[in-house]
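Reading the structure
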Amino acid sequence: MTETRWVFGYGSLVWRPAFPYVRKAPGFVRGWSRRFWQGSTDHRGVPGAPGRVVTLLPDADAAPCWGMAYEIAPEDAPKILAALDHREKGGYARHELSVQLDTPGEPTVAALVYVATTENPEYLGEAPLETIAAQIAASRGPSGDNRTYVLQLARSLHEMGAPDPHVEALAAFFEGASAKGG
């Protein structure tokens with residue numbers, strides 16, 4: 001069987017998939033908003049001092065949510081998905097969503113997407129942008145400081161020509177601080 005598999009990333013998978021893929025293409029999902037409402041105690045924070053990373057929230061009125069789609073070889077899928085299950089273990093569950101690829105003539109593909117559930121113990125939920133930014137500024141974990149995650153995601157989406165207003169607004173807190181040396 002030559003089943004094609006796709007994985008869609010909308011957070012760190014956009015710039016750091018860390019798995020082999022056949023090809024990648026920018027793409028988007030409809031009906032979802034990206035928000036920094038998920039806690040991270042295993043990558044961008046630590047237990048007792050979680051960082052904040054993105055998740056998707058159902059939102060029928062949302063603009064398309066852009067990210068990167070990766071086609072993976074069927075023979076690599078079990079190993080890749082096991083590694084992704086481990087990487088996304090902090091409250092994320094697999095979903096299958098339709099992703100529209102931004103490649104002329106490409107169809108919509110079914111892709112696996114990791115979405116944090118609101119019931120998971122690390123889910124932090126909504127907060128004022130200033131509160132989210134302060135938490136991110138103070139957070140660092142095994143994968144690095146939380147601020148870098150925000151800035152890299154904003155940069156990657158901008159390079160794709162698909163900036164996200166929530167990510168851009170949050171990145172603005174840190175771009176100003178970087179320019180001031182802080």
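Refer to the preceding data block for the structure.
Heads up: these notes are all about the structure in this document. (Residues numbered from 1 in each chain as written. Predicted model: local features only at pLDDT ≥ 70, side-chain atom pairs only at ≥ 80, totals over all residues. Heavy atoms only, no water.)

**Considering unusual backbone geometry**
- The phi dihedral of A18 is positive, around 60°, even though this residue is not glycine.
- Structurally, A18 can be placed in the loop between β1 (5-9) and β2 (23-29). (Helix = DSSP H or I, 4+ residues; strand = E, 2+ residues; numbered from the N terminus.)

**Brief notes about the packing of aromatic side chains**
- Within the structure shown, the criterion is met by 6 aromatic pairs.
- With a centroid separation of 6.5 Å and 80° between ring planes, the pair formed by F19 and Y21 is classed as edge-to-face.
- Consider the rings of F36 and Y149, whose centres lie 5.8 Å apart with planes at 85°: the pair is edge-to-face. Taken as a pair, F36 in strand β3 (residues 32-40) and Y149 in helix α3 (residues 146-159) lie far apart in primary sequence, 113 residues in all.
- F36 gets classed as buried once you look at its relative accessible area, which sits at 0%.
- Put simply, the rings of W15, F36 and Y149 pair up and form one aromatic cluster. (Phe/Tyr/Trp six-rings, centres within 6.5 Å; stacked < 30°, edge-to-face > 60°. Buried < 20%, exposed > 50% of the residue type's maximum accessible area, 1.4 Å probe, protein only.)

**Digging into the side chain of S139**
- Tracing the backbone through its elements, the reader meets S139 in the loop between α2 (129-137) and β8 (140-141).
- For S139, a relative accessible area of 6% gives the class buried.
- S139 has contacts with R44, A49, P50, G51, D145 and N146, leaving out every residue within four places of it along the chain. (Contact = heavy atoms within 4.5 Å.)

**Topic: the environment of I80**
- Structurally, I80 can be placed in helix α1 (residues 77-87).
- Between the alpha carbons of I80 and Y21 there is a distance of 9.4 Å; along the sequence they are 59 residues apart.
- Look past the residues within four positions of I80 in its chain and what remains in contact with it is F19, P20 and I72.

**Section: the nonpolar core**
- Among the nonpolar cores identified, the biggest contains 54 residues, and F36 and L56 are the most heavily contacted of them.
- Apart from residues no more than four positions distant in its own chain, L56 is found in contact with Y10, V29, W32, S33, R34, C65, L97, V113 and V115. (Core = buried A, V, L, I, M, F, W, Y, C linked by side-chain atoms within 4.5 Å.)

**Thoughts on the pattern of salt bridges**
- Scanning the entire structure with this criterion turns up 5 salt bridges.
- Where D85 meets R94, a salt bridge forms, and the shortest distance between an N and an O atom there is 2.8 Å.
- In this structure, the salt-bridge partner of D145 is R140, at a minimum N-O distance of 3.6 Å.
- A relative accessible area of 55% places R140 in the exposed class. (Salt bridge = Lys/Arg side-chain N within 4 Å of Asp/Glu carboxyl O.)

**Overview of the pairing of strand β5 (residues 65-72)**
- Of all 8 residues that make up β5, 8 are buried, and the element is covered over most of its length.
- By the bridge criterion, 5 bridges tie β1 to β5 in an arrangement that is antiparallel. In the strand pairing of β5, R5 is matched with I72.
- As judged from the 7 bridges shared by β2 and β5, these two strands associate in the antiparallel manner. By the bridge assignment, K24 is partnered in β5 with Y70. (Pairing = 2+ DSSP bridges.)

**A short note on the environment of T148**
- Turning to its location among the elements, T148 is positioned in helix α3.
- Residue class for T148 comes out partly exposed when judged on its relative accessible area of 39%.
- Separated by 11 residues in sequence, T148 and A137 place their C-alpha atoms 9.5 Å apart.

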